[in-house]
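Survey of secondary and tertiary structure
Given next are the chains, with one letter for each unit.
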Amino acid sequence: MEKRGKRSVDKKKERAKEEQAKTGQAKKEAVKKEEAKNEQSPKEQRKKEDRMSEDGDGKQGLKARLLMCLLYLAVLSTATYAWFTMNNKPKVLNLGLSAAAAGDLLIADDLGAGPGEYDEELDLKTATQKFPMEDVLLNPVTTADGQTFYAPVYTGKAVTDVKEITDLDELNQQYVYEKTFYLKAGSLKNSKGDRVAKGAMKTYEIMLLGPEQDGEEVSGCSIRQSDKAVSTVPGDTAANSIRVSFEVEGQDIVIWEPNSDKHNSDTEKAIDNVRGTYGTYKTLQQTSDGSFVGGEDGNSEKLFEIEEEQDVKVTMRVWMEGTDEDCTNSNELDELIGNIQFISSEVKGGR
């Protein structure tokens, strides 16, 4: 009896173990099925990753394209109204200086420690200078006196103020071409080298020669567009807004305005709110026929005076006047060349 009861208990235990085993096996199989359901082949996994990558790249690409469009529009907007900040700045390729007429007027390069050899001509392209002429860019600036220069300050599409350019390297590389040279009025001498004229040393007024002289290959004063230059608007040129100042120590600075009666047709430029204060200086105006307004025989009025046999240092500055109505966007690709000829006239009675 006891054995039968024991066998019955053992069978119950065995059935319980079997049931437990079946339940565990079922759970394992269910887990495997779920894993198999979720599991993907490497190929399928790559496809999924590619789809995710494409979605991400697509969004990033759209963002990049949009950014590029915005940058492009910004560049265009700047180019259409900011005549003070052009991407391609005009350059002065070459200016030839020459001196002649009464007083045996001669010109020499400034070598730093004094004048070089005097001659009738000076080619500024090959002359001594810190910044070569062809490397100097003419960003438009403004001035009140031809000596201190100011860059624009923008508010929206208008120039509402200006800021003085105090860094001379920046000024002479990016805005104003500056060159120093010497003029000298010689004396008529005898075979011994002695001065023929008796009495006090003579004084001469220096002026700019007007219209070209007959029989001379190059004469007169002019600044014009280079033959190789390409203007964005045919006929327009930066030469129509150029200014040139001449400074001799102890005398007033004089500013020459070539092409004063020539005008650009382009109207794209910034709104100018500073002209009442800047750019209103007096100029020696030269018209398209080469004649100067107010001078004698078509020549300019006096630039300065020099005394006989004296080495007179002259500082010349060339810039594009931002407040000039002809300082427009069409000037941005321009290249300029020119000729400047000085003449002298004796001041009767000296100083």
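Residues numbered from 1 in each chain as written. Predicted model: local features only at pLDDT ≥ 70, side-chain atom pairs only at ≥ 80, totals over all residues. Heavy atoms only, no water.

**Things to note about the pattern of salt bridges**
This model, assessed by the stated rule, comprises eleven salt bridges. Linking Glu 178 and Arg 317 is a salt bridge whose minimum nitrogen-to-oxygen distance equals 3.1 Å. Of this pair, Glu 178 sits in strand β7 (residues 177-185) while Arg 317 is found in strand β15 (residues 312-320), placing the two residues 139 residues apart along the sequence. Exposure remark for Glu 178: the relative accessible area of 32% places this residue in the partly exposed category. On the accessibility criterion, Arg 317 (9% relative accessible area) is buried. We note a salt bridge from Arg 243 to Asp 324, for which the minimum N-O separation is 2.7 Å. Of this pair, Arg 243 sits in strand β10 (residues 242-247) while Asp 324 is found in the loop between β15 and β16 (335-347), placing the two residues 81 residues apart along the sequence. (Salt bridge = Lys/Arg side-chain N within 4 Å of Asp/Glu carboxyl O. Helix = DSSP H or I, 4+ residues; strand = E, 2+ residues; numbered from the N terminus. Buried < 20%, exposed > 50% of the residue type's maximum accessible area, 1.4 Å probe, protein only.)

**Remarks on the packing of aromatic side chains**
Under the criterion given, the structure shown has six aromatic pairs. An angle of 55° between the planes, with centres 4.9 Å apart, marks the rings of Tyr 150 and Tyr 278 as tilted. In this pair, Tyr 150 is assigned in strand β5 (residues 149-155) and Tyr 278 in the loop between β12 (271-272) and β13 (284-285), connecting sequence segments 128 residues apart. With respect to burial, Tyr 150 and Tyr 278 carry one shared label: buried. Through a chain of ring-to-ring contacts, the aromatic side chains of Phe 149, Tyr 281 and Trp 319 assemble into a single cluster. (Phe/Tyr/Trp six-rings, centres within 6.5 Å; stacked < 30°, edge-to-face > 60°.)

**What to know about the nonpolar core**
Counting 43 residues, the largest nonpolar core has Leu 183, Phe 246, Met 316, Ile 340 and Phe 342 as the members making the most contacts within it. A per-element tally of this core places β15 first, with five residues. Residues in contact with Phe 246, not counting those within four places in the same chain, are Leu 208, Asp 252, Ile 253, Val 254, Trp 256, Leu 303, Phe 304, Val 314, Thr 315, Met 316, Ile 340 and Phe 342. The next biggest cluster of nonpolar side chains, apart from the first, holds ten residues, and it includes Val 141, Ala 151, Leu 171 and Trp 319. (Core = buried A, V, L, I, M, F, W, Y, C linked by side-chain atoms within 4.5 Å. Contact = heavy atoms within 4.5 Å.)

**Some remarks on a negative patch on the surface**
A surface patch of like charges, here negative, comprises Asp 104, Glu 117, Asp 119, Glu 120, Glu 121 and Asp 123. Looking at where Glu 121 falls in the secondary structure, it is placed in strand β3 (residues 121-123). What makes Glu 121 exposed here is its relative accessible area of 61%. (Patch = residues over 30% accessible without salt bridge, like charges linked within 9 Å, V, L, I, M, F, W, Y side chains within 5 Å. Areas by Shrake-Rupley, 256 points an atom, 1.4 Å probe, with all protein chains shown as cover. Lys, Arg positive; Asp, Glu negative; His and termini not counted. Charge placed at Lys NZ, Arg CZ, Asp CG, Glu CD.)

**As for the sheet that holds β5**
The four strands are arranged β4-β5-β6-β12 in an open sheet whose pairing can be described as mixed. Two strands in the sheet have a free side with no partner beyond their single neighbour: β4 (142-143) and β12. Summarising the sheet, strand β6 (residues 158-164) and β12 pair through two bridges and their orientation is parallel. Pairing of Val 159 across the sheet is with Asp 272, part of β12. (Pairing = 2+ DSSP bridges.)

**Focus: the environment of Asn 329**
Mapped onto the secondary structure, Asn 329 falls in the loop between β15 and β16. Taking the C-alpha atoms as reference, Asn 329 lies 8.1 Å from Thr 267; in sequence the two are 62 residues apart.

**Some thoughts on the pairing of strand β11 (residues 254-257)**
Residues Val 254 and Trp 256 of β11 are buried on one face, and the alternating residues Ile 255 and Glu 257, pointing to the opposite face, are buried as well. Examined bridge by bridge, β10 and β11 share three bridges and lie antiparallel to one another. The residue bridging Phe 246 from the neighbouring strand is Val 254, located in β11. Following β10, the chain reverses through six residues before pairing antiparallel with β11; Gly 250 in that reversal takes a positive phi of roughly 85°. The sheet contact formed by β11 and β13 spans two bridges and is parallel. The partner of Trp 256 across the bridge, within β13, is Leu 284.

**Some details on the confidence of the model for the protein**
On average, the protein scores 75 in pLDDT, and the residues at 70 or more come to 65%. Looking over the protein, one finds the lowest element-wise mean pLDDT in helix α2 (residues 42-81), namely 39, and the highest in β11, namely 98. Counting interchain partners and residues more than four positions distant, the pLDDT-below-50 stretch residues 1-9 has zero contacts. Scored below 50 in pLDDT, residues 36-44 makes two contacts in the model with residues more than four places away or belonging to other chains. (pLDDT = per-residue confidence, 0-100.)

**Digging into the side chain of Thr 315**
Along the chain, Thr 315 falls in strand β15. Taking the relative accessible area as the measure of exposure, Thr 315 reaches 13% and is therefore buried. Contacts of Thr 315, omitting those with residues within four sequence positions, involve Glu 178, Lys 179, Thr 180, Ser 245, Phe 246 and Glu 247.

**Topic: the sheet that holds β11**
With mixed pairing, the six strands of this open sheet are ordered in space as β2-β7-β15-β10-β11-β13. Lying at the two open borders of the sheet, with one neighbouring strand each, are β2 (105-109) and β13. Pairing between β10 and β15: six bridges, direction antiparallel. Bridge assignment links Phe 246 to a residue of β15, and that residue is Met 316.

**Description of the side chain of Ser 245**
Note that Ser 245 resides in strand β10. Owing to a relative accessible area of 0%, Ser 245 belongs among the buried residues under this scheme. A distance of 3.3 Å separates a polar side-chain atom of Ser 245 from the backbone oxygen of Gly 146. Setting aside residues up to four positions removed in sequence, Ser 245 forms contacts with Gly 146, Ile 253, Val 254, Ile 255, Thr 315, Met 316, Arg 317 and Trp 319. (Polar contact = N/O pair within 3.5 Å; in protein donor to acceptor, adjacent residues only side chain to side chain.)

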